[in-house]
Amino acid sequence: TAEVMTMLPGKFDHFDQGGFGIDPRDADTPDNWVPRHPSLIRLTGRHPFNVEPPLTMLMDAGMITPPALHIVRDHGAVPKLDWDTHSFTISGMVG
């Protein structure tokens, strides 16, 4: 959450998406709210959004891939979640 990020300054710098905007190709899709890195290679056209970064960008990034360059495989729309209120539960045999 945003609260955790402020408690640990510098620890979450790799979550910066780079301020990229909405790709015009996403304008009339369910993902028209998700910013995209302009260099991602689209594998499926428009929707669902399936992309990968150019190999040279991954190599330049080093051992930790920036979130804006992650490989994306979707089978539908990206869910809209509110970081301040979203939660999940892990149950079962966890230890």
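That block above? That's the structure.
Analysis parameters
Numbers given for residues are sequential positions, taken from 1 along each chain in its written order. Only residues with pLDDT of 70 or above have their local features reported here, since the model is predicted, and side-chain atom pairs are shown and tallied only from 80 upward, although totals for entire chains, interfaces and linings are computed over all residues. Excluding hydrogens and water, the side-chain values take into account all heavy atoms of the structure. Each patch is built from residues lacking any salt bridge and having more than 30% relative accessible area; the joining distance is 9 Å for like charges and 5 Å for nonpolar side chains (Val, Leu, Ile, Met, Phe, Trp, Tyr). Only the protein chains shown count as covering a residue, and every accessible area follows the Shrake-Rupley method with a 1.4 Å probe. Each reported salt bridge corresponds to a side-chain nitrogen of Lys or Arg within 4 Å of a carboxyl oxygen of Asp or Glu. Strands here are runs of E lasting at least two residues and helices are runs of H or I lasting at least four, both read from the DSSP assignment and numbered beginning at the N terminus. Here's how the labels work: a residue is buried when its accessible area is under 20% of the maximum for its type, exposed when over 50%, partly exposed in between, all with a 1.4 Å probe on protein chains only. Contacts are residue-level and defined by heavy atoms, with any inter-residue pair within 4.5 Å sufficient.

**Here we look at a nonpolar patch on the surface**
- Taken together, the side chains of Phe88, Ile90 and Val94 present a nonpolar region at the surface, about 370 Å² in accessible area.
- Along the chain, phenylalanine 88 falls in the segment after helix H2 (55-61).
- On the basis of relative accessible area, phenylalanine 88 is assigned to the exposed category, the value being 67%.

**Focus: the environment of proline 30**
- Counting through the fold element by element, proline 30 comes out in the loop between helix H1 (2-7) and strand E1 (41-42).
- Between the C-alpha atoms of proline 30 and alanine 77, which are 47 residues apart in sequence, the distance is 5.6 Å.
- Excluding residues that lie within four positions of it along the chain, proline 30 makes contacts with His47 and Ala77.

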